[in-house]
Amino acid sequence: AQSVTQLGSHVSVSEGALVLLRCNYSSSVPPYLFWYVQYPNQGLQLLLKYTSAATLVKGINGFEAEFKKSETSFHLTKPSAHMSDAAEYFCAVNHAGGTSYGKLTFGQGTILTVHP
Amino acid sequence: DTGVSQDPRHKITKRGQNVTFRCDPISEHNRLYWYRQTLGQGPEFLTYFQNEAQLEKSRLLSDRFSAERPKGSFSTLEIQRTEQGDSAMYLCASSLEGTTSTDTQYFGPGTRLTVL
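Quick look at the structure, then. Residue numbers here run from 1 along each chain, matching the order of that chain's written sequence. Whichever chain is written first becomes A and whichever ligand is written first becomes 1, with later ones labelled in order. In keeping with the predicted nature of the model, local features appear solely for residues at pLDDT of at least 70, side-chain atom pairs appear and are counted solely at 80 or more, and the whole-chain, interface and lining totals rest on all residues. To obtain the side-chain values, all non-hydrogen atoms of the structure were included, while hydrogens and water were left out.

In summary, the pairing rule links any two rings of Phe, Tyr or Trp, Trp by its six-membered ring, whose centres are within 6.5 Å, and it sorts them by plane angle into stacked for under 30 degrees, edge-to-face for over 60 and tilted for everything else. Using the criterion set out here, one finds 15 aromatic pairs over all chains in the structure. Judged by centre distance (6.2 Å) and plane angle (50 degrees), the ring pair of A:Tyr50 and A:Phe74 falls under tilted. In this pair, A:Tyr50 is assigned in strand 5 (residues 44-50) and A:Phe74 in strand 8 (residues 73-78), connecting sequence segments 24 residues apart. Remark: exposure states derive from per-residue accessible area (1.4 Å probe, protein chains only) relative to the maximum for the residue type, with buried under 20%, exposed over 50%, and partly exposed in between. Here A:Tyr50 falls in the buried class, since its relative accessible area comes to 7%. Ring geometry for A:Phe106 versus B:Phe107: centroids 6.1 Å apart, planes at 75 degrees, classification edge-to-face. Of this pair, A:Phe106 sits in strand 10 (residues 104-106) while B:Phe107 sits in strand 10 (residues 106-107), each in a different chain. For the pair A:Phe106 and B:Phe107, one class covers both residues: buried. Ring-over charges, as used throughout, are those where CZ of Arg or NZ of Lys falls within 6 Å of the ring centre and within 35 degrees of the ring normal. Residue placement shows B:Arg22 over the ring face of B:Phe74; its charged tip is 3.9 Å from the ring centre. Going along the chain from the N terminus, every DSSP run of H or I of four or more residues is numbered as a helix, and every run of E of two or more is numbered as a strand.

This next bit is on the sheet that holds strand 1 (residues 3-7) of chain A. Paired through their backbone hydrogen bonds, the strands of a sheet run either parallel or antiparallel. Residues and elements named next belong to chain A. One open sheet holds the 5 strands; their spatial order is 1-3-8-7-6, and the pairing between them is antiparallel. On the outer flanks of this sheet lie strand 1 and strand 6 (56-58), each paired with one strand and no other. Averaged over all adjacent pairs, the angle separating strand axes in this sheet is 20 degrees, with direction ignored. Here, strands pair whenever DSSP counts at least two bridges between them. For strand 6 and strand 7 (residues 64-68), the ladder comprises 3 bridges, and the chain directions are antiparallel. Across the sheet, Leu56 pairs through a bridge with Glu66, a residue of strand 7. The convention used is that axes are lines fitted to C-alpha atoms, helices contributing only their stretch in contact, and that angles between N-to-C directions extend from 0 to 180 degrees.

The structure is reproduced here in C-alpha coordinates:
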(Lines give C-alpha, C1' and ligand atoms only; values in the text may rest on other atoms or scores of the structure.)
Protein backbone atom coordinates (compact mmCIF):
# COMPACT_ATOMS: atom_id res chain seq x y z
CA ALA A 1 0.00 0.00 0.00
CA GLN A 2 1.10 3.55 -0.65
CA SER A 3 0.80 6.41 1.81
CA VAL A 4 1.85 10.00 2.28
CA THR A 5 2.69 11.86 5.47
CA GLN A 6 2.86 15.63 5.60
CA LEU A 7 4.79 16.89 8.59
CA GLY A 8 3.17 19.95 10.10
CA SER A 9 -0.49 20.72 9.59
CA HIS A 10 0.23 24.47 9.80
CA VAL A 11 3.26 26.42 8.61
CA SER A 12 3.62 30.15 9.09
CA VAL A 13 6.23 32.31 7.34
CA SER A 14 6.87 35.98 6.75
CA GLU A 15 6.52 37.47 3.31
CA GLY A 16 9.84 37.05 1.49
CA ALA A 17 10.97 34.13 3.66
CA LEU A 18 11.72 30.59 2.53
CA VAL A 19 8.78 28.23 2.30
CA LEU A 20 9.41 24.57 3.18
CA LEU A 21 6.54 22.07 3.27
CA ARG A 22 7.48 18.51 4.15
CA CYS A 23 6.20 15.32 2.56
CA ASN A 24 7.33 11.74 3.12
CA TYR A 25 5.95 8.81 1.21
CA SER A 26 5.75 5.08 1.54
CA SER A 27 5.54 2.99 -1.57
CA SER A 28 6.35 -0.57 -2.54
CA VAL A 29 6.94 0.45 -6.15
CA PRO A 30 8.63 3.51 -7.66
CA PRO A 31 6.21 6.32 -6.91
CA TYR A 32 4.87 9.18 -8.91
CA LEU A 33 4.50 12.18 -6.60
CA PHE A 34 2.45 15.34 -6.84
CA TRP A 35 1.92 18.60 -5.00
CA TYR A 36 -1.47 20.29 -5.27
CA VAL A 37 -2.62 23.63 -3.86
CA GLN A 38 -6.16 24.39 -2.69
CA TYR A 39 -7.49 27.89 -2.13
CA PRO A 40 -10.59 28.34 0.04
CA ASN A 41 -13.75 26.95 -1.51
CA GLN A 42 -11.92 25.85 -4.62
CA GLY A 43 -10.74 22.60 -6.13
CA LEU A 44 -7.15 21.42 -6.28
CA GLN A 45 -4.61 22.88 -8.68
CA LEU A 46 -1.49 20.98 -9.68
CA LEU A 47 1.74 22.70 -8.65
CA LEU A 48 4.21 20.08 -9.89
CA LYS A 49 4.77 16.37 -10.35
CA TYR A 50 7.65 13.90 -10.18
CA THR A 51 7.62 11.27 -12.89
CA SER A 52 10.98 9.51 -12.41
CA ALA A 53 12.86 11.88 -14.68
CA ALA A 54 14.77 14.72 -13.03
CA THR A 55 14.78 14.54 -9.24
CA LEU A 56 14.45 18.32 -8.92
CA VAL A 57 11.08 19.34 -10.26
CA LYS A 58 10.07 22.90 -10.99
CA GLY A 59 6.45 23.90 -10.86
CA ILE A 60 4.24 26.92 -11.18
CA ASN A 61 4.40 30.09 -9.09
CA GLY A 62 8.10 29.59 -8.27
CA PHE A 63 7.67 26.33 -6.36
CA GLU A 64 9.97 23.35 -6.69
CA ALA A 65 10.38 19.97 -5.05
CA GLU A 66 13.20 17.46 -4.80
CA PHE A 67 12.68 13.72 -4.87
CA LYS A 68 15.05 11.97 -2.45
CA LYS A 69 14.69 8.21 -2.61
CA SER A 70 17.06 7.57 0.29
CA GLU A 71 14.93 9.75 2.54
CA THR A 72 11.58 8.82 0.92
CA SER A 73 10.86 12.53 0.78
CA PHE A 74 9.41 15.02 -1.67
CA HIS A 75 9.56 18.37 0.13
CA LEU A 76 8.11 21.50 -1.49
CA THR A 77 10.07 24.75 -1.38
CA LYS A 78 9.84 28.32 -2.57
CA PRO A 79 12.71 30.78 -2.00
CA SER A 80 10.55 33.79 -1.23
CA ALA A 81 6.97 33.62 0.04
CA HIS A 82 4.29 35.90 -1.33
CA MET A 83 1.01 36.78 0.32
CA SER A 84 -0.82 35.02 -2.51
CA ASP A 85 0.84 31.72 -1.54
CA ALA A 86 -1.41 31.43 1.51
CA ALA A 87 -3.43 28.28 0.91
CA GLU A 88 -3.56 24.58 1.78
CA TYR A 89 -1.04 22.30 0.13
CA PHE A 90 -1.42 18.58 -0.46
CA CYS A 91 1.19 16.00 -1.32
CA ALA A 92 -0.07 12.93 -3.19
CA VAL A 93 1.23 9.64 -4.50
CA ASN A 94 -0.05 7.84 -7.54
CA HIS A 95 -1.13 4.23 -7.59
CA ALA A 96 0.03 2.52 -10.73
CA GLY A 97 -0.87 -0.78 -12.22
CA GLY A 98 -3.92 -3.02 -12.26
CA THR A 99 -7.30 -1.46 -11.67
CA SER A 100 -5.85 1.24 -9.42
CA TYR A 101 -4.24 2.97 -12.33
CA GLY A 102 -4.01 6.67 -11.65
CA LYS A 103 -5.73 6.74 -8.25
CA LEU A 104 -4.19 9.37 -5.95
CA THR A 105 -3.53 8.97 -2.23
CA PHE A 106 -3.23 12.33 -0.48
CA GLY A 107 -1.57 13.51 2.69
CA GLN A 108 -3.57 15.39 5.28
CA GLY A 109 -2.53 18.78 4.00
CA THR A 110 -0.48 21.71 5.27
CA ILE A 111 -2.03 25.13 5.70
CA LEU A 112 0.46 27.85 4.77
CA THR A 113 0.01 31.26 6.34
CA VAL A 114 2.07 34.20 5.08
CA HIS A 115 2.50 37.22 7.34
CA PRO A 116 3.27 40.69 6.00
CA ASP B 1 -10.49 23.75 -22.33
CA THR B 2 -13.17 24.92 -19.98
CA GLY B 3 -12.00 22.82 -17.05
CA VAL B 4 -13.89 20.37 -14.86
CA SER B 5 -17.24 21.65 -13.66
CA GLN B 6 -19.43 20.39 -10.85
CA ASP B 7 -23.02 21.10 -9.97
CA PRO B 8 -24.29 22.13 -7.52
CA ARG B 9 -21.50 23.90 -5.68
CA HIS B 10 -23.36 23.67 -2.39
CA LYS B 11 -26.11 21.37 -1.19
CA ILE B 12 -27.88 21.41 2.15
CA THR B 13 -30.18 18.51 2.85
CA LYS B 14 -31.93 16.82 5.73
CA ARG B 15 -30.87 13.46 7.03
CA GLY B 16 -32.55 10.65 5.13
CA GLN B 17 -32.95 12.55 1.87
CA ASN B 18 -31.34 11.53 -1.41
CA VAL B 19 -28.93 13.83 -3.23
CA THR B 20 -27.29 13.71 -6.64
CA PHE B 21 -24.21 15.54 -7.83
CA ARG B 22 -23.02 16.05 -11.39
CA CYS B 23 -19.51 16.29 -12.80
CA ASP B 24 -18.61 17.40 -16.31
CA PRO B 25 -14.99 16.50 -17.09
CA ILE B 26 -12.70 18.12 -19.60
CA SER B 27 -14.18 17.04 -22.92
CA GLU B 28 -11.49 14.72 -24.27
CA HIS B 29 -10.64 13.12 -20.93
CA ASN B 30 -11.54 9.46 -20.72
CA ARG B 31 -10.77 8.99 -17.02
CA LEU B 32 -12.95 10.33 -14.25
CA TYR B 33 -12.46 10.13 -10.49
CA TRP B 34 -14.58 10.99 -7.46
CA TYR B 35 -12.97 11.92 -4.16
CA ARG B 36 -14.39 12.96 -0.79
CA GLN B 37 -12.72 15.55 1.42
CA THR B 38 -13.74 16.10 5.03
CA LEU B 39 -12.68 19.08 7.11
CA GLY B 40 -8.98 19.06 7.89
CA GLN B 41 -8.24 16.02 5.75
CA GLY B 42 -6.88 15.35 2.32
CA PRO B 43 -9.16 14.03 -0.41
CA GLU B 44 -9.95 10.31 -0.27
CA PHE B 45 -10.59 8.23 -3.35
CA LEU B 46 -14.15 7.02 -3.88
CA THR B 47 -14.42 5.63 -7.40
CA TYR B 48 -12.90 5.65 -10.88
CA PHE B 49 -14.30 5.44 -14.40
CA GLN B 50 -12.50 4.72 -17.62
CA ASN B 51 -14.91 5.86 -20.29
CA GLU B 52 -18.28 4.48 -19.13
CA ALA B 53 -16.84 1.57 -17.15
CA GLN B 54 -16.59 1.88 -13.37
CA LEU B 55 -13.35 0.05 -12.73
CA GLU B 56 -12.78 0.60 -9.04
CA LYS B 57 -14.77 1.51 -5.94
CA SER B 58 -13.34 2.31 -2.53
CA ARG B 59 -14.55 0.60 0.62
CA LEU B 60 -15.62 4.12 1.61
CA LEU B 61 -18.36 3.84 -0.99
CA SER B 62 -21.14 2.17 0.96
CA ASP B 63 -24.25 0.68 -0.60
CA ARG B 64 -25.94 4.06 -0.22
CA PHE B 65 -23.57 5.55 -2.77
CA SER B 66 -23.82 4.97 -6.49
CA ALA B 67 -21.99 6.57 -9.38
CA GLU B 68 -22.59 6.44 -13.09
CA ARG B 69 -21.00 7.69 -16.27
CA PRO B 70 -23.53 6.50 -18.82
CA LYS B 71 -22.02 7.78 -22.05
CA GLY B 72 -18.45 8.17 -20.95
CA SER B 73 -18.85 11.91 -20.61
CA PHE B 74 -20.49 13.45 -17.52
CA SER B 75 -20.84 11.52 -14.30
CA THR B 76 -23.32 11.55 -11.42
CA LEU B 77 -22.80 10.59 -7.80
CA GLU B 78 -25.93 9.77 -5.83
CA ILE B 79 -26.17 9.35 -2.08
CA GLN B 80 -29.32 7.72 -0.77
CA ARG B 81 -30.67 8.14 2.76
CA THR B 82 -28.03 10.72 3.64
CA GLU B 83 -26.43 10.69 7.08
CA GLN B 84 -24.67 13.48 8.94
CA GLY B 85 -21.40 11.67 8.38
CA ASP B 86 -21.82 12.22 4.65
CA SER B 87 -21.21 15.94 5.11
CA ALA B 88 -18.07 16.68 3.11
CA MET B 89 -16.71 18.22 -0.06
CA TYR B 90 -17.13 15.90 -3.03
CA LEU B 91 -14.46 16.45 -5.66
CA CYS B 92 -14.40 15.26 -9.23
CA ALA B 93 -11.26 14.99 -11.32
CA SER B 94 -10.56 13.95 -14.87
CA SER B 95 -7.50 12.95 -16.84
CA LEU B 96 -6.47 11.74 -20.25
CA GLU B 97 -5.03 8.25 -20.29
CA GLY B 98 -1.36 8.25 -21.12
CA THR B 99 1.24 5.56 -21.47
CA THR B 100 2.27 5.85 -17.82
CA SER B 101 0.48 6.71 -14.62
CA THR B 102 1.66 10.28 -14.81
CA ASP B 103 -1.41 11.63 -16.55
CA THR B 104 -2.40 14.67 -14.57
CA GLN B 105 -5.74 14.82 -12.80
CA TYR B 106 -7.58 18.10 -13.14
CA PHE B 107 -9.99 18.84 -10.34
CA GLY B 108 -13.32 20.58 -10.33
CA PRO B 109 -14.36 23.13 -7.69
CA GLY B 110 -16.22 20.52 -5.67
CA THR B 111 -19.71 20.15 -4.25
CA ARG B 112 -20.00 20.91 -0.56
CA LEU B 113 -22.67 18.76 1.07
CA THR B 114 -24.15 19.60 4.46
CA VAL B 115 -26.51 17.08 6.02
CA LEU B 116 -28.63 18.48 8.84
